[in-house]
Amino acid sequence: MQAGSGGVEGQLMISLAWDGDRVTGVDIRSSRPLQMPRIFAGKSMDYLLGTVPLLFSLCGTAQACAAVTACERAMGQEAGDRGKAGRALLVLLETAKEHAWRINHGWAELLGEREQPEPVARLIALMSRFRATLYGELNPFLPDSAPVLEQPDQLVPLLAQLEAILEESIYSGTVAGWLTLDSCDQLLAWASAGESVAARFIDHLVTERLASVGSAHKRALPVLDTGALDSHLAAEDADLFIARPTWEGDSCETGPFTRMLEQPLMAPLRREYGDGLLTRATARLLELATIPGQVKVLVDRLALDGAEGVASGSQQLAPGRGIAQVEAARGRLVHRVELADEMVAGYQILAPTEWNFHPNGVLAQGLAALQAGSEEELRHQARMLINAIDPCVSFELKIN
């Protein structure tokens, strides 16, 4: 998301104090309407599930998945294996689309190149074909919903199309081949060929000595205990927790960077360049490259029989309360609902932007480390870092 005026979703206001050489202060504020979910209080569960995906211009599929999962758990239910696989597959495809948009739009703009909308348009069309093949006219994000697909082999050609789009528009070769890169030299050799926006962007970071810019390290957001998370969100200071979340005293990081830390290529990049622009950009490429393989695993799971809509007591929350945690494109998304006779008594959303753009979070730490000889250079570095950590709303950047 680039700089611009905030609409209904609000925006981030990021201010840097600069002494002509170094950043001496960072201030991050948000006009995001974090209490917007309160509009659902007193509404029916059906209204909630029909409205949530319409409210978000980004990651609407992940939002819908989190909403229905939270509601099911509040009713003491859990989707069956095929239902979970179908929803997870759609969320993964949305993540692929979001990463492709960041690369072919955001990275192209930062390079001064023309944006390339065609790959993203193809991915959006492909998402629709996957959904129609899996669910027909049914809504995947209603309680007890499950794929109606009887022959999972029907998804194989669609998976091949997904790989083809990524290979043609981003990797300039096979996804499987790109995933074998395990050293800085191999990555830079691929980038130097410059056959895609992604390759040219990686090459630009190295040749312009931007690879280590904004290096910052925060604890990766761990698996959040459902009971402890429920306690935070039920407390009197829940609004503060949602606006500026911390876990066990830490302002954590969540997103493709933290999810890809165990990939072989990440270790040499972190040793050589730290956790700056190059390592973070590569993490996005790594996650995108892994998505076809993850989709294949889910397609295989759809071929297995499994009970749908089975009862679940694993939540260990009070009756009528449900929490869902979904890994969306920009990080961990949390929805919490309180139901009373299928009417919404309370609703809360904790988005990944609140972790990553916390006033003491990973972006603030990275921005505080910037050095530049001109305001133009500082602005370019800051925009690149904001782009890398990737808010789900627009931002305004000021340098004082």
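Residues numbered from 1 in each chain as written. Predicted model: local features only at pLDDT ≥ 70, side-chain atom pairs only at ≥ 80, totals over all residues. Heavy atoms only, no water.

A. Here's a closer look at the pairing of strand β6 (residues 331–340). Burial runs high along β6: 8 of the 10 residues are buried. Here 7 bridges tie β6 to strand β7 (residues 343–350), and the two strands are oriented antiparallel to one another. The residue bridging L339 from the neighbouring strand is V344, located in β7. Counting the residues in the hairpin turn of β6 and β7 gives 2 residues, including D341, whose phi is positive at 55 degrees. (Buried < 20%, exposed > 50% of the residue type's maximum accessible area, 1.4 Å probe, protein only. Helix = DSSP H or I, 4+ residues; strand = E, 2+ residues; numbered from the N terminus. Pairing = 2+ DSSP bridges.)

B. Highlighting the pairing of strand β2 (residues 23–30). Direction of pairing for strand β1 (residues 11–18) relative to β2: antiparallel, over a ladder of 7 bridges. For I14, the partnering residue across the bridge sits in β2 and is I28. Hairpin remark: β1 followed by β2, antiparallel, with 4 residues in the connecting loop; positive phi at G20, about 95 degrees.

C. Main features of the sheet that holds β1. Read across the sheet, 3 strands follow the order β2-β1-β8 without closing on themselves; strand pairing throughout is mixed. In the strand order of this sheet, the two ends are held by β2 and β8 (394–399), each with one partner. Ignoring strand direction, the axes of neighbouring strands in this sheet form an average angle of 15 degrees. One ladder, built from 6 bridges, connects β1 with β8; its direction is parallel. (Axes fitted to C-alpha atoms, helices over the stretch in contact; angles between N-to-C directions.)

D. Region of interest: the sheet that holds β7. Judged by pairing direction, the sheet is antiparallel, and its 3 strands sit side by side in the order β5-β6-β7 without closing on themselves. Looking at the sheet topology across the chains shown, the edges are occupied by β5 (321–328) and β7. Neighbour to neighbour, the strand axes of the sheet diverge by 15 degrees on average, direction disregarded. Examined bridge by bridge, β5 and β6 share 8 bridges and lie antiparallel to one another. What sits directly across from G322, in β6, is V337. Packed on one face of the sheet, helix α2 (residues 60–74) meets β5, β6 and β7 and runs near 155 degrees to β5. (Contact = heavy atoms within 4.5 Å.)

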